[in-house]
Amino acid sequence: MSSFVKPYGDTRDDGKVQLSFTLPVEWSESADEAARQLVAKMGFGDVAVAEGRRIATGFSFFVVYASTPVAVDVDGIAAPQTKTHAMSMDEIDAFVRENVGRKIRVAGACIGTDAHTVGIDAILNMKGYKGDYGLERYKEFETFNLGSQVSVEDLARFVRDERIDAVLASQVVTQKGSDITNFTALAEILEAEGVRENVLLIAGGPRVTNLLAAELGYDAGFGRGTLPSDVAAFVAQRMADRVLA
Ligand code: B12
């Protein structure tokens with residue numbers, strides 16, 4: 001069976017996708033037709049405007065169904081995962097006691113101007129996320145949650161002064177590439193402060209992938225749906241590797 005796949009809606013390989021977008025025009029029949037032609041220009045076939053309506057003065061929103069002619073070879077794609085084998089909180093604590101021999105110091109923050117703290121809180125706060133306790137609950141982690149809108153300079157200073165082992169940087173807003181700018185600035189300032197090689201540097205947020213994090217020089221990246229124990233297991237295992245090295 002071919003490893004090339006296409007999206008499908010009705011019958012296999014029909015290429016059906018749904019697109020949604022806003023155009024800066026007042027809604028009219030012509031606006032619907034403009035949306036249809038725009039999607040056709042993108043290379044899609046069988047274009048149908050399923051919804052087009054005014055959302056504000058001078059702006060219209062569209063939902064368009066269309067077929068793509070292209071496919072992707074899934075066998076030729078590899079994106080390394082950060083998730084190691086699943087461990088419970090008690091197993092991770094026992095692993096740290098045995099293999100690291102001291103508490104692991106973790107600092108987390110929403111960096112730059114980002115104020116979306118729910119994600120980093122889900123990982124760090126005692127109560128955790130989806131029934132999975134946060135790092136504050138672990139006996140073998142000492143956790144510092146610096147909160148929102150933390151400048152990369154302040155975070156780097158904290159990491160240096162408090163002898164942090166693992167830095168958890170969160171970026172939820174990705175507008176105009178602000179996430180990439182801030183993640184890059186953090187990695188650079190930790191390097192400049194001479195502490196980069198002493199810490200595990202971890203990026204997280206709904207648009208973060210492990211692949212992206214590696215490209216930015218991070219040790220790992222965690223995206224949507226991450227559980228605190230995914231992060232705890234990764235940090236514990238990497239810290240144990242460092243003790244052995
Ligand atoms: C709640 C919310 C807010 C709240 C935030 C409150 C708070 N204290 O966090 C408020 C109202 C303040 C807000 C403001 C804004 N918001 Co808002 N907000 C949201 C919303 C609805 C939910 C986000 C959320 O809480 N998700 C739940 C958590 C659990 O998921 P998560 O963040 O993905 O976290 C998980 C993983 O990603 C991962 N993770 C996250 N961080 C980290 C870090 C590490 C180290 C690790 C390991 C893992 C990890 O683990 C978590 C658990 O699995 C989203 C839309 C949506 N439905 O997602 C928009 C959204 C994120 N906001 C958006 C925007 C644009 C804004 C504003 C700019 C709006 C404005 N014009 O003012 C402001 C920005 C304020 C600022 N300075 O940052 C956009 C972002 C678009 C983009 N991609 O850039 C979104 C996507 C809405 C949209 N569709 O437009 N927002």
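Residues numbered from 1 in each chain as written. Predicted model: local features only at pLDDT ≥ 70, side-chain atom pairs only at ≥ 80, totals over all residues. Heavy atoms only, no water.

What is the right way to look at the overall build of the protein chain in this model?
Of the regular secondary structure elements, the protein chain holds seven helices and ten strands. In summary, the protein chain has a C-alpha radius of gyration of 23 Å against a globular reference of 18 Å for 245 residues, an excess of more than 25%. Across its three principal axes, the protein chain shows a C-alpha extent of roughly 65 × 50 × 35 Å. Every one of the 245 residues in the protein chain was classed for burial, and the buried ones make up 41%. Counting contacts in the protein chain only where the partners sit at least 6 residues apart, residues at least 24 apart contribute 65% of the total. As presented, the protein chain carries roughly 13,500 Å² of accessible surface, and 52% of it is formed by carbon and sulfur atoms. (Helix = DSSP H or I, 4+ residues; strand = E, 2+ residues; numbered from the N terminus. Rg over C-alpha atoms; globule rule 2.2 N^0.38 Å. Buried < 20%, exposed > 50% of the residue type's maximum accessible area, 1.4 Å probe, protein only. Contact = heavy atoms within 4.5 Å. Areas by Shrake-Rupley, 256 points an atom, 1.4 Å probe, with all protein chains shown as cover.)

Hey, could you run me through the site of the ligand in this one?
Taken together, 29 residues sit near the ligand, with Ala115, His116, Ser170, Thr174 and Thr226 positioned nearest. Contact between the ligand and glutamine 175: an oxygen atom at 3.1 Å from a main-chain N or O atom of the residue. Of all elements in the fold, only α3 (118-124), β8 (166-170) and β9 (200-204) reach the threshold of two or more residues within the shell around the ligand. Ranked by residues supplied to the shell around the ligand, first place goes to α3 with four residues. Class assignment of the residues belonging to the shell around the ligand gives a composition of 13 nonpolar, 13 polar and three charged. (Near = heavy atom within 4 Å. Polar contact = N/O pair within 3.5 Å; in protein donor to acceptor, adjacent residues only side chain to side chain. Nonpolar A, V, L, I, M, F, W, Y, C, P; charged D, E, K, R; others polar.)

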